[in-house]
Each structure stands twice: as structure tokens, then as C-alpha cells.
Amino acid sequence: DVPKGKHTYRFYTKDATILARFYHKPVPQKRDWKPIELPVTNEQVYLVGKDTAYAYYMIDKDQRMTFEVTGPTQLKVMSRLNYDADMVAKQSYTLVVKHNGTKEEQLSYSTSKSKKYVFTNNENVTPSIAQKTLISVPEGSHKYTVYITGTLAKTAGLRFFESEK
């Protein structure tokens, strides 16, 4: 048994000394997520798979979505590019997250067309494979602005979740 804390052990062989360091790190608990309904006027589209359907907010490239969240909590943002007929192969994009109008985080992703999902009410585009972004929200009320840039795609889909407390 290894007691809690950091420990260094030495293992010996005939030819060499092997150093190993072990420490106990708690395994994060699986979170339950609930979708966030945003008070925005963006069009909602429905992404449909074999046995599932999900609502996504449609945004134009560089269009900003702003919303407020009360922490402490975790946010999960699912983002998908929308491929039009001219787009092929992998596509890159940057998800920009602004916190209270100042602190900006830019996360770059590469994605490709989804083979599992289609939009029911927008047949002119094909969704990409979803990319997940996790955001830690500190205590208090916070304003977040999210947008997508740096891509050939004209539109994207966003879905927001909050960790159940």
C-alpha cells in the first residue's frame, strides 16, 4: 500500500537504477449536465441522429452570443461547424470565449463532417463532428460572450450546458 502524499521509490536492477514517483490524485466525478436555454433570438436547428435529436443555436461566423451564468459551476459548450456544398476535408476554427467583456480565451479546433448527424430543418448544410469546451465559472454572476472565427464556414451551431449542482 502506498500512503497518501508524494513519495519517491528506488528500484534496482543489476545494470541501472530506476526512479519512479507516485502520487494519489482523486478521479474526477462524472458530472450531470443540463442544457441551458438562452434568451436569444438566434435560430434553433435540430440535429438528428439514429435515436437522438438535439437543439443547437445557429450563429454566423464572427456573430457573438452573450449570456449570464451564476457560479460556481462548470459550463460545457458543444460547437459544430456547418459544412456547405463547397467545403470538403478537415476544417479549422477558433472558439473565442470572453469572460465579463475582458478576459479572452481562444481555443482552436480541427473537425470534419459528421457521418452520424443531419439537420432536420436546414438541409443546405452538413454538421461537423462536435467539439467540447469546458469552462470553470467562479462564484457570482458572470457574463460570457462566445463566437467562432478563423474558418471558411459561414455558420456554426452551439449548444450550452451547465453542470448540475
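This text goes with the structure placed above it.
To start, this report covers the structure provided alongside it. (Residues numbered from 1 in each chain as written. Predicted model: local features only at pLDDT ≥ 70, side-chain atom pairs only at ≥ 80, totals over all residues. Heavy atoms only, no water.)

## Focus on the overall build of the protein chain
When helices and strands are counted, the protein chain shows zero helices and 12 strands. Across the protein chain, helices and strands are ordered from the amino to the carboxyl terminus as β-β-β-β-β-β-β-β-β-β-β-β. By the compact-globule yardstick of 15 Å for 165 residues, the protein chain is too spread out, its C-alpha radius of gyration being 21 Å. For the protein chain, the spread of C-alpha atoms along the three principal axes comes to 65 × 40 × 35 Å. Within the protein chain, the fraction of its 165 residues that count as buried is 39%. When contacts within the protein chain are restricted to residue pairs at least 6 apart in sequence, those whose partners lie at least 24 apart make up 67%. A total of about 11,000 Å² of accessible surface is found on the protein chain, and carbon and sulfur atoms cover 50% of it. Within the protein chain, the 17 negative side-chain charges are centred at a point lying 8 Å from the centre of the 25 positive side-chain charges. (Helix = DSSP H or I, 4+ residues; strand = E, 2+ residues; numbered from the N terminus. Rg over C-alpha atoms; globule rule 2.2 N^0.38 Å. Buried < 20%, exposed > 50% of the residue type's maximum accessible area, 1.4 Å probe, protein only. Contact = heavy atoms within 4.5 Å. Areas by Shrake-Rupley, 256 points an atom, 1.4 Å probe, with all protein chains shown as cover. Lys, Arg positive; Asp, Glu negative; His and termini not counted. Charge placed at Lys NZ, Arg CZ, Asp CG, Glu CD.)

## What to know about the pairing of strand S5 (residues 53-60)
Relative to S5, strand S4 (residues 44-48) runs antiparallel, the two sharing five bridges. The partner of Gln 44 across the bridge, within S5, is Tyr 57. Two successive antiparallel strands, S4 and S5, enclose a turn made up of four residues. The pairing of S5 with strand S12 (residues 155-163) spans four bridges and is classified as antiparallel. The residue bridging Asp 60 from the neighbouring strand is Thr 155, located in S12. (Pairing = 2+ DSSP bridges.)

## Comments concerning the packing of aromatic side chains
This model, assessed by the stated rule, comprises five aromatic pairs. Taken together, the ring pairs in this structure connect Tyr 57, Phe 67, Tyr 144 and Phe 160 into an aromatic cluster. Above the plane of the ring of Tyr 147 lies Arg 64, whose end atom (NZ or CZ) is 3.8 Å from the centre. In this structure, Lys 76 is placed above the aromatic ring of Phe 161, and the distance from its NZ or CZ to the ring centre is 4.9 Å. (Phe/Tyr/Trp six-rings, centres within 6.5 Å; stacked < 30°, edge-to-face > 60°. Lys NZ or Arg CZ within 6 Å of the ring centre and 35° of its normal.)

## Section: the side chain of Thr 111
Summarising the element assignment, Thr 111 is placed in strand S8 (residues 103-111). A polar contact is formed between the side chain of Thr 111 and the backbone oxygen of Ile 129, at a distance of 2.9 Å. Aside from chain neighbours lying at most four places away, what touches Thr 111 is Leu 81, Tyr 83, Ala 89, Lys 90, Gln 91, Tyr 93, Ser 128, Ile 129 and Gln 131. (Polar contact = N/O pair within 3.5 Å; in protein donor to acceptor, adjacent residues only side chain to side chain.)

## Describing the pattern of salt bridges
Per the counting criterion, the structure on display carries two salt bridges. One salt bridge connects Asp 84 with Lys 154, and the closest N-O pair in it is separated by 2.9 Å. Of this pair, Asp 84 sits in the loop between strand S6 (65-83) and strand S7 (91-99) while Lys 154 sits in the loop between strand S11 (131-149) and S12; the two residues are 70 residues apart in sequence, bridging distant segments of the chain. Note on Asp 84: relative accessible area 16%, which makes it buried. Judged by its relative accessible area of 55%, Lys 154 falls in the exposed class. (Salt bridge = Lys/Arg side-chain N within 4 Å of Asp/Glu carboxyl O.)

## Re the layout of surface pockets
Roughly 170 Å³ of volume is contained in the largest pocket. If you go around the largest pocket, the residues you meet are Val 97, His 99, Lys 103, Glu 104, Glu 105, Leu 107, Thr 133, Leu 134, Ile 135, Ser 136, Pro 138 and Tyr 144. Within the residue set of the lining of the largest pocket, elements represented by two or more residues are S7, S8 and S11. The element that contributes the greatest number of residues to the lining of the largest pocket is S11, accounting for six residues. Classifying every residue of the lining of the largest pocket by side-chain character gives six nonpolar, three polar and three charged. (1 Å grid on protein atoms, 1.4 Å probe; cavity = no way out; pocket = protein on both sides within 12 Å on 5 of 7 lines; lining within 4 Å. Points joined across faces, edges and corners; volume = space filled by probe spheres on them. Nonpolar A, V, L, I, M, F, W, Y, C, P; charged D, E, K, R; others polar.)

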